[in-house]
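So you can see what is in the structure, the chains are spelled out below.
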Amino acid sequence: MKKFIKLLAVALAAAALAGCSLVSINTEKITVATVGEDTITKAAFDEGFNAFLAQYGYTQDSTEIADQLPDLKEQYINMMVQNLVIEQKIEELGLGEVTDEEKAAAEQSVQDWYDEQFAQLVETYSADETVEDPEAEATTTIENYLSYYGTTLEQMKQEEVDYIPTQKLYDEVTKDITVTEEQIESQFATLVSEAKTEYDEDKSAFVTDYQSGNTIYYTPEGMFFVKHILIGLTEEQQQEIKDLRADEDETVAATADAKRDEYLLTIREEAEAVLARVDAGEDFDALIEEYGDDPGMSAYPDGYLTYVGDTSFVDEFAAACEALTEDGMTSGLVGSDFGYHIIRRVSTLPAGEATLADVHDALQESMLQEAKDTAYSDQIAAWVEEANVTIETGRL
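A closer look at unusual backbone geometry
Of note, N388 is a non-glycine position whose phi angle comes to about 55°, a positive value. Here N388 lies in the loop between α17 (356-386) and β9 (389-391). The class of N388 is exposed, set by a relative accessible area of 58%.

In structure tokens form, the structure reads like this:
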């Protein structure tokens, strides 16, 4: 009998090592965290964590994240603990009720977002002659976007409604948070100094911030806008030139310029005709609309923001921009791998520091939001500290 027991023990150990389970484990009954009188089960953790990983195309068995998995699990259980503490406080403070009016407003805010995206897409697709049904194409684009993130419009509405009690808790915690004028003035001086240092050293950083709609505290010297009329080569011609330039055989790559010049000859007559109309004083924007093949001119109605030394454009375009030293100056025909450009410098950004009056409201809003976020995070951390939390890391 003892020999049999020993053999059974060995068999059980081998089965465990092989990943075979002779006993069904009920993860609903395994506690991985305790928060006061509430618990988080292994089943709840696995469900949430697996869904989180799936958003990025991973599972807990993915070798690509094997080294990161322990840290990811710890971060996720900490988030679950924090969310449970928030739920407890919402109940304690009586903030969990959602009125019909609040529900309707939350759902409408999501619908408004959807309608705005739809309208913008319809406008974009309507300008594309290759799109037969702009509204159908817009719907497909939005639905594909939502599907990529594993959600639907109705799910987004429900999530917005579900978040209402948390927003109430945030508002309650931060209702007395303010920023003073002295704090705003001090922060303004700091931001101006930091922007001056950054932008004078790297003007491309200014372009990025400007085009992203960030608040501008300082504008460096030499920033100007250009527009251009692109009489473009075909996509097939552009791709052929690009492929030649990328060829590993230097002899083949060296033929790219000749091929480009060959293709440019096919559009030279049209480009010269457009240039003649520009030189005759016709409306430049109207000519962009009539002949321009660069969709970026629609995306940037003020033109492309650039400066001497800008490396974000092809060399020929950048060099031609640098030669336009005054607003209103227009280039001749500028050939590139994209076709012929006719470039006009349209305006210059005034250099120098912003005034506090220019940015006061935006700065006050951002500082207040940051102060509220910090206060809320600190309060949540304090509540977690008080909640008598126990996490069984080894069970995750």
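Having seen the model, we can carry on.
Comments concerning helix α16 (residues 315-323)
Listed as buried for α16 are F317, A318, A320 and C321. In a view along the axis of α16, the buried residues occupy a sector of 165°, so they form one face of it. Buried residues along α16 sit in contact with β4 (224-232), β5 (304-306), β6 (334-336) and β7 (339-348).

Observations concerning helix α4 (residues 100-126)
Here α4 spans 38 Å end to end across 27 residues, near enough to the 39 Å set by a 1.5 Å rise per residue. Along α4, the residues that are buried comprise A106, V110, Q111, Y114, V122 and Y125. On its buried face, α4 sits against α5 (134-148), α6 (153-162) and α7 (164-174).

Brief notes about the sheet that holds β9
As summarised here, the arrangement of the 3 strands in space is β2-β1-β9, forming an open sheet in which the pairing is antiparallel. Among the strands making up the open sheet, the edge pair consists of β2 (38-41) and β9. If you compare each strand with its neighbour and ignore which way they point, the axes differ by 15° on average. The sheet contact formed by strand β1 (residues 31-35) and β9 spans 3 bridges and is antiparallel. Following the sheet pairing, A33 is matched in β9 by I391. The sheet contacts of helix α2 (residues 42-54) involve β1 and β2, and relative to β2 the element is tilted by about 55°.

What to know about the pairing of β1
Pairing between β1 and β2: 4 bridges, direction antiparallel. When the bridges of β2 are listed, V35 appears paired with D38.

Quick word on the layout of surface pockets
In this structure, the largest pocket occupies an estimated 820 Å³ of space. In terms of lining, the largest pocket is formed by 20 residues, of which the most central are A127, G292, D294, P295 and S298. For the lining of the largest pocket, the secondary-structure elements that each account for two or more residues are α4, α14 (284-291) and α15 (296-299). At 4 residues, α4 tops the list of elements feeding residues into the lining of the largest pocket. Its residues placed into classes, the lining of the largest pocket shows 6 nonpolar, 5 polar and 9 charged. Approximately 360 Å³ is the volume found for the second largest pocket. Forming the walls of the second largest pocket are M79, N83, I86, E87, E159, D162 and T166. Contributing elements (two or more residues each) for the lining of the second largest pocket: α3 (69-92) and α6. Counting residues per element, the lining of the second largest pocket draws most heavily on α3, which supplies 4 residues.

Description of the packing of α4 against α5
Where α4 contacts α5, the axes come no closer than 8 Å and their chain directions differ by 130°. Here α5 runs oblique to α4, going by the angle between their axes. Considering how the two elements wind past one another, α4 and α5 form a crossing that is right-handed. Counted together, W113, Y114, Q117, F118, L121, V122, Y125 and S126 of α4 and P134, E135, E137, A138, T139, T141, I142, E143, Y145 and L146 of α5 form the full contact between these two elements. Looking at the contact of α4 with α5 residue by residue, the classes come out as 11 nonpolar, 4 polar and 3 charged.

Some words on the pairing of β4
β4 sits mainly inside the fold: 9 of its 9 residues count as buried. The two faces of β4 match: F224, V226, H228, L230 and G232 on one face and F225, K227, I229 and I231 on the other face are all buried. In this sheet, β5 lies alongside β4 in antiparallel orientation, the contact comprising 3 bridges. Across the sheet, V226 pairs through a bridge with Y304, a residue of β5. For β4 and β7, the ladder comprises 9 bridges, and the chain directions are antiparallel. When the bridges of β7 are listed, F225 appears paired with S347.

Rules used in this analysis
- Residues numbered from 1 in each chain as written.
- Predicted model: local features only at pLDDT ≥ 70, side-chain atom pairs only at ≥ 80, totals over all residues.
- Heavy atoms only, no water.
- Helix = DSSP H or I, 4+ residues; strand = E, 2+ residues; numbered from the N terminus.
- Buried < 20%, exposed > 50% of the residue type's maximum accessible area, 1.4 Å probe, protein only.
- Arc of directions from axis to C-beta.
- Contact = heavy atoms within 4.5 Å.
- Expected span 1.5 Å × (residues − 1).
- Pairing = 2+ DSSP bridges.
- Axes fitted to C-alpha atoms, helices over the stretch in contact; angles between N-to-C directions.
- 1 Å grid on protein atoms, 1.4 Å probe; cavity = no way out; pocket = protein on both sides within 12 Å on 5 of 7 lines; lining within 4 Å.
- Points joined across faces, edges and corners; volume = space filled by probe spheres on them.
- Nonpolar A, V, L, I, M, F, W, Y, C, P; charged D, E, K, R; others polar.
- Parallel < 35°, antiparallel > 145°, perpendicular 65-115°, else oblique.
- Left-handed = near helix turned anticlockwise from the far one by under 90°.

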